[in-house]
Number of protein chains: 2
Amino acid sequence: MHVVVTGAAGMIGRKLTARLVKDGGLNGKPIDKFTLTDVVAADKPAGFAGKVDIVTGDLAAPGAAEKLIAEKPEVIFHLAGVVSGEAEIDFDKGYHVNLDGTRALLEAIRHSENYHPKFIFTSSIAVYGAPFPHAIPDDFHLTPLTSYGTQKAISELLLADYNRRGFLDGVGIRLPTICVRPGKPNKAASGFFSGIIREPLAGQEAILPVADTVRHTHASPRSAVGFLIHAASLTREQLGPRINLAMPGVCCTVAEQIESLTRIAGPKVAARIKRQPDELVMRIVAGWSERIDAKRAAELGFKAEKDFDEIVKAHIEDELGGKIA
Amino acid sequence: MHVVVTGAAGMIGRKLTARLVKDGGLNGKPIDKFTLTDVVAADKPAGFAGKVDIVTGDLAAPGAAEKLIAEKPEVIFHLAGVVSGEAEIDFDKGYHVNLDGTRALLEAIRHSENYHPKFIFTSSIAVYGAPFPHAIPDDFHLTPLTSYGTQKAISELLLADYNRRGFLDGVGIRLPTICVRPGKPNKAASGFFSGIIREPLAGQEAILPVADTVRHTHASPRSAVGFLIHAASLTREQLGPRINLAMPGVCCTVAEQIESLTRIAGPKVAARIKRQPDELVMRIVAGWSERIDAKRAAELGFKAEKDFDEIVKAHIEDELGGKIA
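Because the structure is predicted, anything quoted here is derived from the model rather than measured.

Draft legend 1. Summary view of the overall build of chain A. When helices and strands are counted, chain A shows 13 helices and 14 strands. For chain A, the C-alpha atoms occupy an extent of roughly 60 × 45 × 40 Å along the three principal directions. Going through the 325 residues of chain A one by one, you find that 47% of them count as buried. In chain A, of all internal contacts separated by at least 6 residues, the share reaching a separation of at least 24 is 77%.

Draft legend 2. Seen up close, the environment of L145 of chain B. Structurally, L145 of chain B can be placed in the loop between β7 (118–124) and α5 (147–164). Sequence spacing of L145 of chain B and M11 of chain B is 134 residues, and the spatial spacing of their C-alpha atoms is 25 Å. Discounting chain neighbours no more than four positions away, the residues touching L145 of chain B are R164 and P241 of chain A together with G129, A130 and G287 of chain B.

Draft legend 3. Here's a closer look at the interface of chain B and chain A. Taken together, the contact between chain B and chain A spans 18 residues of the former and 18 residues of the latter. Considering only residue class, the side of chain B that touches chain A consists of 8 nonpolar, 5 polar and 5 charged.

Draft legend 4. Representation of the relation of the copies chain B and chain A. Mapping chain B onto chain A is achieved by rotating through 180° and translating by 0.0 Å along the same axis, at an RMSD of 0.0 Å. In the structure described here, the two chain copies are related by an operation that fits a two-fold rotation axis. No C-alpha of chain B lies nearer the rotation axis than that of H141 of chain B, which sits 1.8 Å from it. Of the interface residues in chain B, 94% have counterparts in chain A that sit at the interface too, so the contact is made through matching surfaces.

Draft legend 5. Spotlight on the sheet that holds strand β5 (residues 51–56) of chain A. All names here are of chain A. Taken together, 7 strands build an open sheet; the order of strands is β5-β4-β1-β6-β7-β8-β12 and the sheet is parallel. Both outer strands of the open sheet, β5 and β12 (244–246), are each paired with one neighbouring strand and no more. Neighbour-to-neighbour, the strand axes of this sheet turn through a mean angle of 15°, independent of strand direction. For strand β1 (residues 2–6) and strand β4 (residues 33–38), the ladder comprises 5 bridges, and the chain directions are parallel. Directly across from V3, in β4, lies its bridge partner F34. Against the sheet, helix α5 (residues 147–164) makes contact with β7 (118–124), β8 (169–175) and β12, and its axis sits at roughly 155° relative to β7, the strand it touches most.

Draft legend 6. How the structure looks around the nonpolar core. The biggest cluster of nonpolar side chains holds 184 residues, and the ones touching the most others in it are V5, F77 and M247 of chain A together with V5, F77, L228 and M247 of chain B. If near-sequence neighbours (up to four positions away) are discounted, V5 of chain B is found in contact with G13, L16, T17, F34, L36, F77 and L79 of chain B.

Draft legend 7. Geometry of the sheet that holds strand β9 (residues 177–178) of chain A. Residues and elements named next belong to chain A. The 3 strands lie next to each other as β9-β11-β13, forming an open sheet whose pairing is mixed. A single partner strand is all that each edge strand has here, and the edge strands are β9 and β13 (250–253). Pairing between β9 and strand β11 (residues 215–219): 2 bridges, direction parallel. Within the sheet, the bridge partner assigned to I178 lies in β11 and is A219.

Definitions and limits used
- Residues numbered from 1 in each chain as written.
- Chains lettered and ligands numbered in written order.
- Predicted model: local features only at pLDDT ≥ 70, side-chain atom pairs only at ≥ 80, totals over all residues.
- Helix = DSSP H or I, 4+ residues; strand = E, 2+ residues; numbered from the N terminus.
- Buried ≥ 20, exposed ≤ 12 C-beta atoms within 10 Å, placed from the backbone.
- Contact = placed C-beta atoms within 7 Å.
- Nonpolar A, V, L, I, M, F, W, Y, C, P; charged D, E, K, R; others polar.
- Least-squares fit on C-alpha atoms with pLDDT ≥ 70 in both.
- Pairing = 2+ DSSP bridges.
- Axes fitted to C-alpha atoms, helices over the stretch in contact; angles between N-to-C directions.
- Core = buried A, V, L, I, M, F, W, Y, C linked by C-beta atoms within 7 Å.

In structure tokens form, the structure reads like this:
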């Protein structure tokens, strides 16, 4: 089986590739080739004996998408995208990458004869926009309040139409906030959700810019990869016409996040969180969804962690080799 | 005031232009110029003393949208589009006209300096897809089951983002089925909703391909024009961030349509309806929404007919000069 991963150099792309290599296959079939594409060169996955093509470039550039699928890969994980903040600052770049890049890939598939790949697309809860009901049901409308969310929602609609017309077998998964995101702190407004766990566990101070009462839905990077692999296993019959699905996650308050950290790593570690309210971050976060009632995803077998303790433990296992600083 | 109408040669475009000419202005300001554009030349509106530019061509062609807005028209009614059946048969043409054409127009506006028009877009209830709740609420998700509906839903998302970013003052209105559509019978699956009223009133036989119990939501061409003009009057403050609105209509069964016709034109006229069940039409219609709970539109002052009798009377007044054959 030949698997393409776009956005392969990103955090989820790297973890997905590593997991597929570890599993040795997908949907019970061995993987003999990866094509890993991103704007920067993805690393060659460790421990993989098959063929690997590393492709760099812009998917929306003329001919790029056609070239990517020329060998008719059976499965395409389309993760590539400009992130929320960048898409808001650079309007042209956001639409170019997140909309035109996706459409170019879909069009290349449509124009390829006798080709009908499995296409897994990572969407985002940014497709939703306030005001929200208590919990967002599966049939809640998409009224994104960012250009990024708009581009994701449009890509979902395109994917559903290309799927309906039979050009591919598509599935779109709306990822919740990924927590604990490994690596260095970034400037994303949502960064603190990961920061207040990651930094204290690494022996460093973390800033909490919002109130303890802020509620949000999280899934670990490990779960995100699990969602992608499970999505690839679903058939047209299982999915029906509504192929874009909100993913499950752990819904909890910041206070509950900190309680988990304290339970697992002790009060000394949790004391490394410094409260420093930030009006701007508070205002941004107030516009985000709190609770997503991902009923269809649960029925289709998607699984996230059961509680925030599991998310903290997954981070310690996957990123810290089981050790707390 | 300079007003642009795209799709100006179509039924709604012609009626809108005629109404604006009759009103003499829009939002209390006199209209001194129309630009009427379509793929075929629109007629010069009768009785208009101001300037009229008739433009033919493809909005998505390079430079066409820029040229259309070069004089910075204050109001743009964007009605142009390939209809549902055609967009389903000709995938490329549907996306080219309904998506690329709309996007080209939005992009031309964004790139024009110090320009911030009022932009009224006609969307459609085709943005919804079965299965449906008893009545479709304003926050129901968009899961179109046609390429046409997909293109309309994507255009709505683009419009909302361009509106949010401040490039224009946008409003999208989802028209229900327009009934009674004047002119000759067409092959649209929805054609019979108009046909069973129009043909008998004109002394001709009409075919009813579905059961009397079929329920649907209708608004007259007169109401559709009224929606467009009312939409142009709404401010950003009134609309808020959710600028795409389902329009109200008369929800009734085919039996109730026929009862109205009988009440107004007598049983002899209604007897011109011949029942001739058509499996294909029945199946298509079964996938359509029955009832739309257009609560926000009602709160914002959009008005349709109160009952189907009014729709029949509007047709007799507007199309038949008050006479029944």
